[in-house]
Amino acid sequence: SAAGNSEIEIQVPVTGTYHVVLDMPVGFATMQIGTAPSNLRSTQQAHIEFDVPLGEGDYLFRLLQSTAYLTTTWTATVSLKSALAPQVYAVDPTVVTNEKAYTLAVDGANFQPGAVLTIDSVMLDPVTRLDSGHLQATIPAGLSPGLYDVTVTNPDAQWATLAGALEVRPVTYWIYLPFVVQTAP
C-alpha cells in the first residue's frame, strides 16, 4: 500500500447489502471500497455506519490517510445485512424419464453456499454450487410421472420456484409384432 494508506481485502460470500462500521479514533482519512469513486466516505475522528450493495467476490477496502495526520487508527467491520433472494431462470434437462438418474443443472442468480434444491417435495442431495448462478444435483430414478416445480432455498430461508420446470415421463417400451399376410387359397 502507499505511504500513509492501508488496505484490507474482504471476500464477500453472497450478493446483498452489507453494513459497514468504521471507527477512527485518531486521524482523518477517506474510505474507498473497490475502485468506484462513488463509494468514497470521508471522516475525521469518527464512528460512522453505512450500507453498501456488493456482489459476490473480493473487494479491496482502502483507507486513504490525510497527509495532515502522522497516524490514523481505524477498524472496519463488514457484515451481511440482507442477501438478495435467489432467482431460478431455467433447468436442463427439462424432460427426463423415470427409469434412471439424471444430472439437473439449474441456472439463476443469488444462490448461496449451502443452498437446498427440491423438485416438488423431493430434496436433491448433494447439491453442487458451481457459482452464485449455477447449481447441479442428481434427479433420482423412480419418480412418478408428471410436472415438477424446481425450488432453490438459500440458508437464510429465501427461496425461488420455477413452476412446472421439469417433466418426468414414464419409460415407453415398443413391442414389434410380425405382420402376417394371409392369402386366400
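See the structure printed just above.
Residues numbered from 1 in each chain as written. Predicted model: local features only at pLDDT ≥ 70, side-chain atom pairs only at ≥ 80, totals over all residues. Heavy atoms only, no water.

## Quick look at the sheet that holds strand β10 (residues 122-124)
The strand order across the open sheet built from five strands is β7-β14-β13-β9-β10, with neighbouring strands paired in mixed fashion. Both outer strands of the open sheet, β7 (95-97) and β10, are each paired with one neighbouring strand and no more. Shown here is a sheet whose adjacent strand axes are inclined to one another by a mean of 35°, direction ignored. In terms of strand pairing, strand β9 (residues 116-119) meets strand β13 (residues 146-153) through four bridges, oriented antiparallel. Along β13, the bridge assignment pairs Ile119 with Val150. (Pairing = 2+ DSSP bridges. Helix = DSSP H or I, 4+ residues; strand = E, 2+ residues; numbered from the N terminus. Axes fitted to C-alpha atoms, helices over the stretch in contact; angles between N-to-C directions.)

## Some thoughts on the pattern of salt bridges
Here the structure, examined in full by the defined rule, presents three salt bridges. A salt bridge links Glu56 to Arg129; the shortest N-O distance between them is 2.6 Å. Here Arg129 lies in strand β11 (residues 127-131) and Glu56 lies in the loop between β3 (41-54) and β4 (57-65), a separation of 73 residues in the sequence. Note on Glu56: relative accessible area 33%, which makes it partly exposed. (Salt bridge = Lys/Arg side-chain N within 4 Å of Asp/Glu carboxyl O. Buried < 20%, exposed > 50% of the residue type's maximum accessible area, 1.4 Å probe, protein only.)

## Comments concerning the environment of Thr71
Relative to the helices and strands, Thr71 is located in the loop between β4 and β5 (73-83). Each residue touching Thr71, except ones within four places of it in the same chain, is listed here: Val26, Gly27 and Gln65. (Contact = heavy atoms within 4.5 Å.)

## Observations regarding the environment of Pro145
With respect to the secondary-structure elements, Pro145 resides in the loop between β12 (134-139) and β13. Take Pro145: its relative accessible area is 49%, and that puts it in the partly exposed class. Spatially, the C-alpha atom of Pro145 lies 66 Å from that of Phe28, the residues being 117 residues apart in sequence. If sequence neighbours within four positions are ignored, Pro145 has contacts with Asn98, Val168 and Pro170.

## A word on the sheet that holds β12
Sheets are built from strands paired through backbone hydrogen bonds, the pairs being either parallel or antiparallel. A sheet is described by the order of its strands in space; here four strands give the open sequence β6-β8-β12-β11, paired in antiparallel fashion. Both edges of this open sheet fall to β6 (87-92) and β11, since each of them pairs with a single strand only. Neighbour to neighbour, the strand axes of the sheet diverge by 25° on average, direction disregarded. Pairing analysis gives four bridges linking β11 to β12, with the strands arranged antiparallel. By the bridge assignment for β12, Val127 is matched with Ala137.

These figures come from the coordinates and say nothing about function on their own.
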